[in-house]
Structures are given as structure tokens and as C-alpha cells.
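The chain contents come next:
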Amino acid sequence: MTGALVLEGLSASYGPVRALDEVSFVVAEGSITAVLGANGAGKTTLLRTITGLVRATRGSAVYGGVDLVGQAPEEVVRLGVAHVPEGRGVIQELTVDENLRLGGSFRRDRQGTRATIDEVYAMFPALAERRRRSTNTLSGGERQMLAIGRALVAKPSVLLLDEPSLGLAPRVTTRIMALLRELVADKRLAVLLVEQNARSALSIADQAVVLGLGRVVLAGAAAEVAADESLRHHYLGY
Amino acid sequence: MRLFVDYTLSGVSAGMVYAAVALGLVLIWRSTQILNFAQGAMAMLTTYVASTLLEHSFGYWAAFALALVAGLVLGAATERVLIRPVEGRSAIDAVIVAIGLLIFLEALAGAIWGSNPRAFPAPFKLVGYVIGGQPVEFTPFDLFIVLAVLLLMGLMLVLFRFTGVGLRMRASAFAPEVARLLGVRVNRMLTLGWALAAMAGALAGVFVAPKVFLSPTYMDSILIYGFTAAIVGGLESPVGSLVGGLGTGLILSYVGGYLGSSFQATGALVLLVVVLMVRPTGLFSRVQPRRV
């Protein structure tokens, strides 16, 4: 398996509290890895450590031969690892189009950026209709689409998604998950999907990693985890 | 009626200067949530730089341009060296740094240039226009001030609304962490914001000096009126600083004219209190007030 993103012994602390403890796994190109676990298990911290918002105390996160540990967040995305933060991170003071343009503002080729933005509009027609409007006019699902679309404008190879289903109706969640699956197939993206909603994450993931108190307590093929009732019951509570 | 016209015209000219100071305060506030108490002192320093250049037989416009450049450099250096270490710390840390810088710069200017007031030239006549056979309190220099500040505001508007850098600066101000995740080098945007703010201040400094003489403390009262303008305008939008500046300039001019100039500072305070009572977030602000 060729790994797009290889985590090895990644650890982080908040003061004396160990938030991530020796986390190691591989996210393959063209696949989705679901990161599951209870509140406070370290899921968000994992993503924030990969992109440099939280400083790793040890370990590495290698992407394309480069260790992301020690890099600033603004450099990590330039290398090709985009992070859609929890709560979507859509900037409300900007219009839909400005949010998307911001996603590619570090890119040098303006025409290429514009073309990627048009691709995103084609993918999400609801956004295209409101490109000059404030993001306040968007529904929760549309905001999530904007946040994902904005990350895509950076042309990443790895996409880190933090709780995309948070606060969304089940029907909308299903749509977003289906869309992620398509994206992975189309663009050969490697996706690291952090989710509280284990059932819907497992429905599209290839691989599942369960965190507990900052450690990997279970890792395996998503289908196996979803099929094994005792595993599900024990680790995921459903 | 004649007096009213005079007070109005001089209020507009003064208001434009307050608007430039307010713009500088707003640029810094909305990107770093710091009130730059040293804004006036920084403008004082750059105006002394212009004054020194003039003494060394530079032309007025060269000295004017170099004062603005000095503002850019001083603003960027202040952010890099003094503000960055306290960014993200509690607000009081930055306030102490800014007040420290204010005291330091005024002492520095006194040490280099002495505390005796010195004259500073204006590029245009300081004699009022004659309208209907009567001279009014509005000089060609005042007209230049009004046009220059309007031009500055227009350029800022174009920068923020229509350029990539402006978009990145706004994103850095509104949501620094998200901006970083999108590849925006937020630190550079903060440096740029401070540089532009100090440049706006430098412009105000050069405009005030011909009217009151140049001394290490000559910008102190202007800073207070600039603060009033910025807060009236809501501390967040450049348009707010223009409206706040004009409003403050006009009201203070009427107060000074009809009640006597010793009432001006009181007038500023009353204006501030009234605006904060009616609209606690200022006239142009998106922030929702919060009950505590």
C-alpha cells in the first residue's frame, strides 16, 4: 500500500495532559480513513497536530517525503494537505466567492485557480447561485459544502475533515458522505475523516481507526469494524 | 450664518485629519484587537523626519513622500519587534507596550530635536478662499487635506475590496486560524496592516503640524479626537472612521466656535458617551452587543 500520509508515533500534549500518544497509521492515496472515538479521544487534536496548529511533542507525519511536523499551518496547505476545521470555518464576513478565492490565494496561476473555483461551482450549484452573497444566507449543509469546496481550491492531495456531519440533518449528511466518496474516486484524494457519527463515516470509509484517550485502540478495514457487532458495541457504542 | 459656514468648513478639514488617525486605529484594532496608543507619537516622529529632511534642503513633496515611507517602515518595525511578542497574550500586555512606546517616542523626539515648538510648512496657502467677497475659514491647504484623505480612503477601499492582498488581510483579521489553514501568511498581513496604519497616521501628522507647530506632544490631543472618531465609527470599518472623523470634526468645531475652545475636550467626551449609550458598538459595526 502506498501511503499518501504516514503517521508514526505522533504525540502531542496540552500542558501535562497527553492528548495524542504514539499514533501510527497510514492513509492511502484514493482512500478514506475514518477516525472515530468518543469526545476527548484526541480526534480533533490529531488533525490539528498534522497541520501544525498543535505542536507535536514527538513522532512524524510524512507526506510526499516531507515531515509535516514542525511546519507552520500556512505552509502545510501549500504542500498539499488541506484541513477543513471543526465548525466548518467558513468566514462569515466574506462572500461565498471570496471564501473560495481565499482557498486558492496562495496559488501562483490565477487562471488555474479560477478554473478550480468554477469546478467547485459546478459541483455545488447552490453555491454558484449565491456567489456574491454573504455566507449568512447559506444553510448548514451549504456551508459545509463551501468549506469543502474551499479546501479543494487549494488542489490538495490529502484532505483532513473534522466532523463534517456536525449539526446537519441525516439526509444532508448522507449527501456529503456520498460526495466525499465521489471526490476520492475522481481526484485520488487521501481523506482523513474525523467523525462522531461512526455509522455514516463507516459507510464510506475504507479504513477505520478508533482513538481512546489519545491512543489507537483499534484499527482495521472499515467493513470489518462495521460488521463486527461486539467491536462496534464496545468501541463505538452502537 | 457666516460663522456657521466657517465652523462647518474648518470642522470638515479637522474631521478629515481625525478620520486618517481613526483609520490607522481601525486597521490595527480589527486585525490585532489592540488599541494603538502610540499612533499619534509615531506620526509625530515621522513628521520630525520630514522636518529634518526639509532642513537638509529636500523639497516639500520629497519630504512628504518620505514621511509616508517612514510611517510604513516604523509601523512594520513596531509590529515585528514590539507587538509580535505580545500577540495572543492578554489585551493589557499590548496596551502597556503601546503606552510604553508612546512615552519612549516622545522622549526620543525631545532628546533629538528638543522640546521647543518648530514651524512646519504647508504646500499650499494658509489664507482662506474668498467666497462672495468674504474670506472663509477654508484654505487651499484644507482643500488638499480633504482630497488627500478621501484619496487615501478610496485606495484603502480598493485594496480591501478588490485585491488578493486585501482579501487575505480581511481574512487574517476576521479568522486568523482559518486563514492560516488556507495558506495565508497571517503574520505578514499583520505587519502590512500596521505599516498601512502608521502611514495613515503619518499623513495626519504632516497635515496637523502647519497649524499647531511641531513639538514632541503635538499629536496627543489629535490622537484623543481620532480615538473618539474611531469609536464613534465602530472601530471596525474604514467607512466608519471617515464618518466618525467628519462627525467628530464638525461637532468639535461647533462646540469650539459657539462655546469656546476650552469646551472641545469636554465636547469629545460628551459625544463619545452619547454614541456609546445609543449604540454601544459604534455607528458602523457588525458586532452584536452582549449583555453582561
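Report follows, based on the coordinates. Because the structure is predicted, anything quoted here is derived from the model rather than measured.

Each helix and strand in chain B was counted, giving 11 helices and 2 strands. Its helices and strands taken in sequence order, chain B reads α-α-α-α-β-β-α-α-α-α-α-α-α from the N to the C terminus. Relative to its length of 292 residues, chain B is compact, with a C-alpha radius of gyration of 19 Å against a globular reference of 19 Å. On the principal axes, the C-alpha backbone points of chain B span a range of 65 × 50 × 35 Å.

It is worth spelling out the interface of chain A and chain B at this point. In this assembly, 22 residues from chain A lie in contact with 16 residues from chain B. Both faces considered, chain A and chain B share a buried interface measuring about 1,900 Å² in area, 59% of it formed by carbon and sulfur atoms. Our enumeration of links across chain A and chain B arrives at 4 salt bridges. Residues arginine 48 of chain A and glutamate 177 of chain B are paired through a salt bridge, measuring 2.7 Å at the closest nitrogen-oxygen approach. In this assembly, chain A and chain B are joined by 6 residue pairs in polar contact (both at pLDDT 80 or more). Looking at the side of chain A that touches chain B element by element, the count peaks at 5 residues for helix α2 (residues 73-79) of chain A. A class-by-class count of the residues in the side of chain A that touches chain B yields 9 nonpolar, 5 polar and 8 charged.

Before going further, it helps to examine the sheet that holds strand β3 (residues 31-36) of chain A. All names here are of chain A. One open sheet holds the 6 strands; their spatial order is β6-β7-β8-β3-β9-β10, and the pairing between them is mixed. A strand with exactly one partner marks an edge of an open sheet, and here the two such strands are β6 (81-84) and β10 (215-221). Taken over all neighbouring pairs, the strand axes of this sheet differ in orientation by 15° on average, direction set aside. Here 5 bridges tie β3 to strand β8 (residues 190-194), and the two strands are oriented parallel to one another. Paired with valine 35 across the strands is valine 194, a residue of β8. Contacts from helix α10 (residues 229-236) reach β3, β9 (207-212) and β10, with the element oriented near 150° to β10.

Moving on to a nonpolar patch on the surface. A cluster of nonpolar side chains, namely Met1, Leu3, Phe4, Val5, Tyr258, Leu259 and Phe263 of chain B, defines an oily patch on the protein surface of about 750 Å² accessible area. Looking at where phenylalanine 263 of chain B falls in the secondary structure, it is placed in the loop between α10 (238-259) and α11 (264-278).

Looking now at the pattern of salt bridges. What the rule picks out here adds up to 20 salt bridges over all chains. The salt bridge involving arginine 188 of chain A is made with glutamate 29 of chain A; its shortest N-O contact spans 3.8 Å. Linking arginine 188 of chain A in the loop between α7 (170-187) and β8 with glutamate 29 of chain A in the loop between β2 (17-28) and β3, this pair joins segments that are 159 residues apart in sequence. Here lysine 211 of chain B makes a salt bridge to aspartate 142 of chain B, at a shortest N to O gap of 2.7 Å. Taken together, the residues lysine 211 of chain B in helix α8 (residues 186-212) and aspartate 142 of chain B in helix α5 (residues 140-162) connect sequence positions 69 residues apart. Residue aspartate 142 of chain B is classed as buried on the basis of its relative accessible area of 6%. Several salt bridges share partner residues, and in doing so they unite Asp97, Arg101, Arg114 and Asp118 of chain A into one network.

What counts and what doesn't
Residues numbered from 1 in each chain as written. Chains lettered and ligands numbered in written order. Predicted model: local features only at pLDDT ≥ 70, side-chain atom pairs only at ≥ 80, totals over all residues. Heavy atoms only, no water. Helix = DSSP H or I, 4+ residues; strand = E, 2+ residues; numbered from the N terminus. Rg over C-alpha atoms; globule rule 2.2 N^0.38 Å. Contact = heavy atoms within 4.5 Å. Buried area = accessible area lost by both parts, 1.4 Å probe. Salt bridge = Lys/Arg side-chain N within 4 Å of Asp/Glu carboxyl O. Polar contact = N/O pair within 3.5 Å; in protein donor to acceptor, adjacent residues only side chain to side chain. Nonpolar A, V, L, I, M, F, W, Y, C, P; charged D, E, K, R; others polar. Pairing = 2+ DSSP bridges. Axes fitted to C-alpha atoms, helices over the stretch in contact; angles between N-to-C directions. Patch = residues over 30% accessible without salt bridge, like charges linked within 9 Å, V, L, I, M, F, W, Y side chains within 5 Å. Areas by Shrake-Rupley, 256 points an atom, 1.4 Å probe, with all protein chains shown as cover. Buried < 20%, exposed > 50% of the residue type's maximum accessible area, 1.4 Å probe, protein only.

In short, geometric facts, not functional conclusions.
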